[in-house]
There are 2 protein chains.
Amino acid sequence: MTFSQKVSAAVRAKKSPVVVGIDPRFALIPESLRAGVVEGDWQGMARVYQDFSCKILDIVAPYAPCVKPQLAFFEMLGPHGMFALANVIEHARSLNLVVILDGKRNDIGSTAEGYAAAYLGERSPWRGDALTINPYLGDDSLAPFVKTAEDCGAGIFVLVKTSNPGGGMLQDLEANGKTIYQHSADWVESAAAKFANLRGDQYGAVGAVVGATYPEQLAHLRTRMPHAWILVPGFGAQGGGVKDVLPAFDDQGLGALINNSRGIIFSYIRPEMKERYSENEWEAAVEDAARTMRELFIDVVK
Amino acid sequence: MTFSQKVSAAVRAKKSPVVVGIDPRFALIPESLRAGVVEGDWQGMARVYQDFSCKILDIVAPYAPCVKPQLAFFEMLGPHGMFALANVIEHARSLNLVVILDGKRNDIGSTAEGYAAAYLGERSPWRGDALTINPYLGDDSLAPFVKTAEDCGAGIFVLVKTSNPGGGMLQDLEANGKTIYQHSADWVESAAAKFANLRGDQYGAVGAVVGATYPEQLAHLRTRMPHAWILVPGFGAQGGGVKDVLPAFDDQGLGALINNSRGIIFSYIRPEMKERYSENEWEAAVEDAARTMRELFIDVVK
């Protein structure tokens, strides 16, 4: 099964385009899970991250087809954090969640092959279904990721237009009549279309990251990349709303995955949730947030 | 001590601008170190990578002020590989080698802070002296790395013009009268100059990656970024020679660090070395290659 077929089936089965970002931060995790562990105790913190993340996965699994562990937060704990990450990935796969690893990796030649094998390969020790990739190093750096993804039924999401205010420094510069992010987008579409046509699919194995915080560009990029799944960060805490991201979907409600991290996994910290749930009801608050987000998109997926 | 002061002192002490890239690949490691371990035995392979890398560090320490572990190859082995990486970093630090972590990381906001803390922070569980960074996400993604580096006596090397043939896809595009890599370079110079001026140093904490395979651009970028250390990959196996990289140095022989990975750590595989060293003399071949590379630059460092 291709990555696109896997994602389409998961989105349809749950009638939900929701991606839950797994971004553990020690100070925000419920105190009951942190008991006896202090910052700097990497092994203890890694256990806390793993317990917290796996509980989140159990809670959100009915509402979200995909989860997106943010590698940086696990790397902050050193090697112990990486064991926790491996266990979180394994738990997500056991729940049939599509695992998008947010590592924003890239390098050249055999090193790019190394990253691709590390996170997407069939024999990977911590295999994801997809990996986020940075395009600055150019097409020959992207090729090994495309090959591994296509060979292994995995996907990649190439950074095109990121959600942060400073993303325009290079991405918005205009060269040869189009912006740098349009150059990235055209590469994505070309790679995606080639594989999609080969397999008779609507979408390829190469997708794009486009932030919800730039709704006009998002609408434009949907049209510009008809064969690419778009992973949309920036929804919720960063300011993107439902109407901002609707243009990212095709008429079947496919083609876009909407990520929310803090708004779901740390929902119990939001003032309006604190009114409704006590501290030890944090799991109910997470479920409420995941269910509510799915409901926002319930009419989108056909 | 600032990163620049640390690097300058190390380069002068060893009269060498050599960086040895630590890029372990299982099939190329001497058989004697691989005995009893097969591919896919991640724990066994991690032990092999650690033993091999630490031996390399011991051998090259007299000739090279810096080493550059390539994170991808350790990540390929999963969490066990990351423990090996941590031990390699610790061993390099115990030998007073400047450790440049080649991770080409980046992300936005608090995630960028996470990566910076993970690899450069004072309380990092696997602390390097510097980290390579990708600029595609723009200035606000770079800022947390700059801050952590400056606060912790560490450095960052931002990808400007990479050594691979396809690097030009985005980097060579021209916008507002300059190429994308020149835009990146100007950001690097601005950040580097600010800190250098503040500290009364010649160089700042922000450096650049510029490939030896583009000697004209390298010479140009030396002039364009007078306050930035330049990390130069692509020497040796990728085709760059001594005369290609000489323009990267200032008149004191500082300002440039020349990386060689395969050409040193797997030197015993090169045909001309095979004539001189038997398989069990691989350590002598590595020492020969490191010494020879240092000698190529012996008149450069004043």
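Q: Just checking my understanding: could you explain the pairing of strand β10 (residues 256–260) of chain A for this structure?
A: The two faces of a sheet get side chains in turn, since along a regular strand they alternate between them. Residues and elements named next belong to chain A. Burial of β10 is extensive: five of the five residues sit out of reach of the surface. Neither face of β10 is left uncovered, since the one carrying A256, I258 and N260 and the one carrying L257 and N259 both have all their residues buried. Relative to β10, strand β1 (residues 18–22) is paired through three bridges, and the arrangement is parallel. When the sheet's bridge partners are listed, V18 is paired in β10 with I258. One ladder, built from three bridges, connects strand β9 (residues 230–232) with β10; its direction is parallel. The partner of L231 across the bridge, within β10, is L257.

Q: Even after reading the chapter, I still don't get unusual backbone geometry, so can you show me in this structure?
A: The bulk of non-glycine residues show a negative phi, and the bulk of peptide bonds are trans. We note that N96(A) has phi near 60°; this positive angle belongs to a residue other than glycine. As for its position among the elements, N96(A) is in the loop between α5 (78–94) and β3 (98–105). Residue classification places N96(A) among the exposed residues on the basis of a relative accessible area of 65%. Phi at K15(B) is positive, roughly 45°, even though this residue is not glycine. Within the secondary structure, K15(B) sits in the loop between α1 (3–14) and β1 (18–22).

Q: Help me understand the side chain of Q70(A), please; the structure alone is not making it clear to me.
A: You can see Q70(A) is positioned in the loop between β2 (66–69) and α4 (71–75). With sequence-adjacent residues up to four places away left out, Q70(A) is seen in contact with I22(A), D23(A), D102(A), K104(A), D107(B), T111(B) and Y115(B).

Q: Got a minute to help me understand the interface of chain B and chain A in this structure?
A: Many structure descriptions define interface size as the accessible area lost when the parts assemble. Facing 65 residues of chain B, the contacting portion of chain A comprises 65 residues. Buried area between chain B and chain A, summed over both chains or domains, comes out near 5100 Å², and the portion from carbon and sulfur atoms is 64%. Looking only at chain B, the three residues that lose the most surface to chain A are P79(B), Y136(B) and M169(B), adding up to 15% of its buried area. Between R105(B) and E75(A) there is a salt bridge, and its shortest N-O distance comes to 2.7 Å. Between the two partners, chain B and chain A, sit 31 residue pairs in polar contact (both at pLDDT 80 or more). Among the elements that line the side of chain B that touches chain A, the one with the most residues is helix α6 (residues 109–120) of chain B, at seven residues. Here the side of chain B that touches chain A is composed, by residue class, of 31 nonpolar, 23 polar and eleven charged.

Q: Can you help me understand the confidence of the model for chain A in this one?
A: As a general rule, the predicted coordinates of low-pLDDT regions are not to be interpreted in detail. The share of residues in chain A with pLDDT of 70 or more is 100%, and the mean pLDDT across the chain is 96. Here the complex is predicted with pTM 0.98, and the ipTM for its interfaces comes to 0.97.

Q: Would you mind showing me how to read the packing of helix α7 (residues 139–152) of chain B against helix α9 (residues 180–199) of chain B here?
A: The angle between the axes and the distance between the axes are what describe a pair of packed helices. Residue and element names in this part refer to chain B. Contact geometry for α7 and α9: axes closest at 12 Å, N-to-C directions at 30°. By the criterion of interaxial angle, the relationship of α7 to α9 is roughly parallel. In this structure, α7 meets α9 at a crossing whose hand is right-handed. Of the residues in α9, those in contact with D139, L142, V146 and E150 of α7 are W187, A191 and F195. The class makeup of the residues in the contact of α7 with α9 is five nonpolar, no polar and two charged.

What counts as what
- Residues take numbers from 1 onward in each chain, read along the sequence in its written order.
- To read the labels, note that chains go from A and ligands from 1, taken in the order they are written.
- For a predicted model such as this one, the threshold for reporting local features is a pLDDT of at least 70, and the threshold for listing and counting side-chain atom pairs is 80 or more; totals across whole chains, interfaces and linings nevertheless cover every residue.
- Computation of side-chain values covers all heavy atoms of the structure but excludes hydrogens and water.
- Remark: exposure states derive from per-residue accessible area (1.4 Å probe, protein chains only) relative to the maximum for the residue type, with buried under 20%, exposed over 50%, and partly exposed in between.
- Each helix is a run of H or I in the DSSP string that is no shorter than four residues. Each strand is a run of E no shorter than two, and both are numbered from the N terminus.
- Should DSSP find at least two bridges between two strands, the strands are regarded as paired.
- By the convention used here, residues are in contact when the closest approach between their heavy atoms is within 4.5 Å.
- Note on definitions: buried area is the accessible-area loss of two parts on being combined, 1.4 Å probe, summed for both.
- One speaks of a salt bridge when a side-chain nitrogen belonging to Lys or Arg is within 4 Å of a carboxyl oxygen belonging to Asp or Glu.
- N or O atoms within 3.5 Å of each other form a polar contact, as long as, within protein, one can give a hydrogen and the other can take it, and as long as residues adjacent in sequence are counted only when both atoms are side-chain atoms.
- Here the nonpolar group is Ala, Val, Leu, Ile, Met, Phe, Trp, Tyr, Cys and Pro; Asp, Glu, Lys and Arg are the charged ones; every other residue, Gly included, is treated as polar.
- Looking at any residue, its pLDDT shows the predictor's confidence there, from 0 to 100.
- Note on definitions: angles span 0 to 180 degrees between N-to-C directions of axes, and those axes are lines fitted to C-alpha atoms, for helices only across the stretch in contact.
- Each angle gets one of four labels, with under 35 degrees taken as roughly parallel, over 145 as roughly antiparallel, 65 to 115 as roughly perpendicular, and the rest as oblique.
- Crossing handedness is read from the near helix: turned anticlockwise from the far helix by less than a right angle, it gives a left-handed crossing, and turned clockwise, a right-handed one.

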